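Coordinate inspection notes
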Amino acid sequence: MTDSLVLLHPGGADPSAFGPQYDALADFALHAPHRVDQAPQDHTEMAHDTIAFLERTGPAHLLGCSDGATIALLTAVLRPDLVHRLVVVCGVFHHDGWDPATELTPMHRRSPALTETDLGTLPNRTLIMIGDDDEVRLEHATAMYRALPNAELAVVPGTSHGLLHEKPVLCNAMIVDFLASDPVETYAPIRRRM
């Protein structure tokens, strides 16, 4: 049976934002719902829309980018039973995770507002991906990695908030490996040795 994978696109975009990923992800049963971001809707309301979608289609892996990543993360926190593995690309768990130089909409100044304690309840295996020159602060991505009990972190060198387009071959390889393979046993773990 083929695993289902739901792609959650960035704000102000549509599912074509994942154009460089479609061929690499062809072994999955792909779902790419189009989301229209409308004020005063916030990330939590959009996560509830995703939950309703998953209740109709069944549990799946989630891959979200930017706003889509935040929606994927919130979906998993609210309903971990509907999410297999989770890929968070350039997303924040709290609105203070954006770099101060980033121009933010009113929604991004107040949403999301998860805490590290909230993240600590999430059992799902999660890959966090961020560009080394991203709109999301590296410290925020590291805090997310440390708070999630089953997380892996990838800082993609030489990329920005558009890393899926800037280095698609590298990003696609990491995403497919994460979704299709079990974790490797590491030689000198610190965080995962418990």
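As shown above, the structure is provided for reference.
What comes next concerns the included structure. (Residues numbered from 1 in each chain as written. Predicted model: local features only at pLDDT ≥ 70, side-chain atom pairs only at ≥ 80, totals over all residues. Heavy atoms only, no water.)

Overview of the sheet that holds strand β3 (residues 60-65)
- Spatial strand order, β2-β1-β3-β4-β5-β6: six strands in an open sheet with parallel pairing. Only two strands of the sheet have a single partner each, and these edge strands are β2 (29-31) and β6 (151-156). When the angles between neighbouring strand axes are averaged without regard to direction, this sheet yields 15°.
- For strand β1 (residues 4-8) and β3, the ladder comprises four bridges, and the chain directions are parallel. Bridged to Leu8 within β3 is Gly64. (Pairing = 2+ DSSP bridges. Helix = DSSP H or I, 4+ residues; strand = E, 2+ residues; numbered from the N terminus. Axes fitted to C-alpha atoms, helices over the stretch in contact; angles between N-to-C directions.)

Section: the pairing of β1
- The element β1 is largely enclosed, with a buried count of five among its five residues.
- Residues Ser4, Val6 and Leu8 line one face of β1 and the alternating positions Leu5 and Leu7 line the opposite face, and both faces are buried.
- With three bridges connecting them, β1 and β2 associate as parallel partners. Following the sheet pairing, Leu5 is matched in β2 by Leu30. (Buried < 20%, exposed > 50% of the residue type's maximum accessible area, 1.4 Å probe, protein only.)

Observations concerning the side chain of His140
- With respect to the element layout, His140 can be found in helix α5 (residues 138-147).
- His140 gets classed as buried once you look at its relative accessible area, which sits at 3%.
- Here His140 is in contact with Gly91, Val92, Phe93, His94, Asp96 and Gly97, once residues within four sequence places are set aside. (Contact = heavy atoms within 4.5 Å.)

A look at the environment of Ile130
- As for its placement among the helices and strands, Ile130 is situated in strand β5 (residues 126-131).
- Excluding its chain neighbours within four sequence positions, the residues that come into contact with Ile130 are Val136, Arg137, Leu138, Ala141, Ala154, Val155, Val156 and Leu163.

Structural measurements only, silent on function.
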